Amino acid sequence: MIRGLSPELADIAKTELNENPKQTPDDVKHLKEWIMKQPHLKARTDDQWLVAILRGCKFSLERVKAKLDLYYTLRTTSPEVTLRLKPTEMKFLDFLRLGTCIILPKPKTGLYPRVILIRAGRYDPEVNSVADIMCILYYLVQILVVEDDTATVLGTKIVVDYDGVTLNHLMQANPNLLKKIVAVSQDSLPLRLKGSHHLNVPSGIEVIFKLVSSFLNEKARQRLKIHKNAEELFEHVPKEIVPSEYGGSGSTVEEIIEYWADKIIEYKSWMEVEEKLGTDESKRISKPLNQDDFGNQGSFRQLLKKWKLKMTVRPLSATLQEKAKKEVNENPRSVQSDISALKTWLQKQPHLHTVNPSDQWLVAFLRGSKFSLERCKEKLDMYYTMRTVVPEFFSNRDPLDSRIQGILKLGAFLPLRNCKENDAPRICIVRIGVYNPSEYNLSDLLKVAFMITEIMMLEDDNFTVSGEEVIVDIKNVGVNVLSQWTPALAKKVITCFEKALPVRLKSNHILNTPTGFEAAYTIFKAFLGEKLKKRIRVHNQDYDALYKEIPKKVLPKEYGGDEGEIQELTDHWLRKVESYRDWFLKEENARSDESKRPGKPKTTSTLFGIEGSFRQLEVD
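Counting from 1, residues in each chain are numbered in the order their sequence is written. Per-residue local features are limited, in this predicted model, to residues with pLDDT of at least 70; the limit for side-chain atom pairs, both in listing and counting, is 80 or more; totals at the level of whole chains, interfaces and linings are taken over all residues. Each side-chain value is worked out from all heavy atoms of the structure, with water and hydrogens disregarded.

Caption draft 1: Representation of the nonpolar core in the model. Counting 94 residues, the largest nonpolar core has Met386, Phe393 and Leu555 as its most contacted members. What Met386 contacts, discounting residues up to four positions off in sequence, is Phe394, Lys492, Thr495, Cys496, Ala500, Leu607 and Phe608. Core analysis: the next-biggest nonpolar cluster, separate from the first, contains 80 residues, Leu140, Leu199, Phe234 and Ile256 among them. Each nonpolar core is a collection of buried residues, namely Ala, Val, Leu, Ile, Met, Phe, Trp, Tyr and Cys, held together in the definition by side-chain atoms within 4.5 Å. Relative accessibility thresholds used throughout: buried, under 20% of the residue-type maximum; exposed, over 50%; partly exposed, between the two (1.4 Å probe, protein chains only). Here, residues are in contact when the closest pair of their heavy atoms is within 4.5 Å.

Caption draft 2: A look at the sheet that holds strand E3 (residues 114–119). Strand order in this open sheet of 5 strands is E2-E3-E4-E5-E6, and the pairing throughout is mixed. Bordering the open sheet on either side are strand E2 (101–103) and strand E6 (224–226), each of which pairs with just one other strand. Averaged over all adjacent pairs, the angle separating strand axes in this sheet is 20 degrees, with direction ignored. Think of it this way: DSSP has to see at least two bridges between two strands before they count as a pair. By the criteria applied, helices consist of DSSP H or I runs no shorter than four residues and strands consist of E runs no shorter than two, each listed in order from the N terminus. Relative to strand E4 (residues 156–161), E3 is paired through 6 bridges, and the arrangement is parallel. Considered in E4, the bridge of Leu117 is made with Val159. The axes are straight lines fitted to the C-alpha atoms, using for helices just the contacting stretch, and the angles between their N-to-C directions are given from 0 to 180°. On the sheet, helix H7 (residues 130–147) packs against E2 and E3 and is oriented at approximately 20 degrees with respect to E2. Its contacts with the sheet put helix H14 (residues 253–266) on E2 and E3, and the angle it makes with E2 is roughly 85 degrees.

Caption draft 3: Spatial organisation of the packing of aromatic side chains. Two rings from Phe, Tyr or Trp (for Trp, the six-membered ring) form a pair when their centres sit within 6.5 Å of each other. Planes less than 30 degrees apart are called stacked, planes more than 60 degrees apart edge-to-face, and all others tilted. Counted by the stated rule, this structure contains 23 aromatic pairs. Summarising the aromatic geometry, the rings of Trp583 and Phe584 are spaced 5.2 Å apart at their centres and angled 80 degrees between planes, so their arrangement reads as edge-to-face. Each member of the pair, Trp583 as well as Phe584, is classed as buried. An aromatic cluster of three or more residues is present, and its members are Trp361, Phe365, Tyr383, Tyr384, Phe393, Phe394, Phe450, Phe497, Tyr580, Trp583 and Phe584. The rule is short: NZ of Lys or CZ of Arg within 6 Å of the ring centre and within 35 degrees of the ring normal puts a charge over the ring. Positioned above the aromatic ring of Trp270, the side-chain terminus of Arg44 is 3.7 Å from the ring centre.

Caption draft 4: Main features of the pairing of strand E11 (residues 505–511). By the criterion of burial, E11 is predominantly enclosed, with 6 of the 7 residues buried. Two strands pair when backbone bridges link them, and E11 and strand E12 (residues 536–540) are joined in this way by 4 bridges, in the parallel orientation. Following the sheet pairing, His509 is matched in E12 by Arg537.

Caption draft 5: Layout of helix H20 (residues 373–389). The first and last C-alpha atoms of H20 sit 24 Å apart over 17 residues, in line with the 24 Å expected at 1.5 Å per residue. Of all 17 residues in H20, 12 are buried; the element is thus mostly enclosed. Residues of H20 that are buried include every one of Cys376, Lys377, Lys379, Leu380, Asp381, Met382, Tyr383, Tyr384, Thr385, Met386, Arg387 and Val389, and no others. Helices are assigned an expected span. That span is 1.5 Å times one less than the residue count.

Caption draft 6: The arrangement of the pattern of salt bridges in detail. We define a salt bridge as a side-chain nitrogen of Lys or Arg found within 4 Å of a carboxyl oxygen belonging to Asp or Glu. Tallied over the entire structure, the rule returns 39 salt bridges. Close ionic contact of Asp461 with Arg367 constitutes a salt bridge, the shortest N to O distance being 3.9 Å. Of this pair, Asp461 sits in helix H24 (residues 461–466) while Arg367 sits in helix H19 (residues 359–368); the two residues are 94 residues apart in sequence, bridging distant segments of the chain. Look at Arg367 and you get buried, because its relative accessible area is 1%. One salt bridge in this structure joins Glu588 and Arg591, with 3.8 Å as the shortest N-O distance. Shared partners join several salt bridges into a network, and the residues in it are Arg3, Glu19, Arg55 and Asp149.

Caption draft 7: View of the side chain of Glu274. In this structure, Glu274 sits in helix H15 (residues 268–274). Here a polar contact means two N or O atoms within 3.5 Å. Within protein one must be a hydrogen donor candidate and the other an acceptor candidate, and residues neighboring in sequence count only if both atoms are side-chain atoms. A distance of 3.2 Å separates polar atoms of two side chains, one belonging to Glu274 and the other to Tyr71. Sequence-distant contacts of Glu274, defined by excluding residues within four places in its chain, comprise Arg44, Tyr71, Tyr72, Arg75, Tyr139 and Gln142.

Structural data, given as structure tokens:
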């Protein structure tokens, strides 16, 4: 059943959107029949939903089909933007109540587009992401589509308040994520954007505006306006709907938040259905779509270079800055010159011509080398060499690959959310026994572990400054798994961690050791330096001994802790790795070309010179 419009809205819909009430039921019927014929598409077919999309496309059936397809495709290919927070979960309401995204009430007099207020600085970037704001917007807009004819006919305006925005917020706005956010909000949502208005704009935001503008269509670019104060905003948004906190005469922000929290609860069953919709790309009649099909704009660094802007390194917290000074010799005044020196050196290496790392990446290597430029150069060289000579770890790293997806869903390598203290090392759990050795190889697990490690190098200051503490759980590890731990594999793993990656292992705790563990452990220790050997603790099932060094407050419930469940961590890291898909695909070619190395090329045999399995190893 299609809801009738008021005379005023019906006139606007006819004039601006080409809406013909007599033709609309036939258009809706046509869309339902088209959806039924799309084997890949699982879409909502409510009359009011389809009418809203028709209005958003000015009743062009072909544009509606394209928008519907894109809307549900993005739910499948970009879950980090559309499903990062689910409205049926309590954490969705928790984030909503921060007031990062709310829709202002209608004016009491006159017709006006619905106004969305985004308060970008209200969330903690250590806990949430800018993508979470998109999730809130995504679902609030769906309620508008179902309920509000004013929104579907007149469209929306967005007001963005940057009060409280820090560099840590801005660093989340990488071009790939922004491209997806624009694709969802501009190209797939059914409501027309009639303008965007920006308040309390901080210095440095020009970078983000340039990024966003490069993805917007021309009409949206012309409607983007920056205001010096709220008074300027009132020229474009009715003062009667603006919250009192902004000098308006509307409801308070808190009142508006609670209104929308109640709405989300009211729509719970509707949202439960919505979460199940999307596309099955394996059934698409044409070529399956993925994230790349919605535009890859390159890396943040490339865009900054294009605009002749300089990317700054993410600043450390005060406690981590002090620790970085003491433990890794970091001097904030000389960091940029050290980065420049490394870039100059890289440019002079003919075998590393495809290597073009970001500043943040290089800082991770500097910290891992305690700011010794020579040691850092050696690690960088070895890292990109390992990418060439150990392809089983560093090639074919598409996060959507079925084998990588399989390991990610097992939760074999899981950095924990919290550290023991603000400046403490990152704690990671390795669960070797979760994979089936007849289905996967130990090298698959290691590949995923290295991928997550690289994300931490880019994102996690505790990891790069304070190092990591690793808990290795060997529960359910049998002889079929242990037989995969060959001397050759062990040598490659240890070389990666000791000589290639900027990883500082502070302690290693081994739990639930199985029969046959001693032989594999002997192989492992044979390649370790004395310092690392002293940092290994074998607890077996003595969890009390573990708690003396790793407190319960940071451990998952499955390990006797208080901090969530393993499945929550697994889901988090699955989404996180998927969000870096463009980065991993781009980095595929960043490796050494040994044919161009000055001097003798490095190969597997020259680096490792080791063959055979642990069964063949003779030990004293």
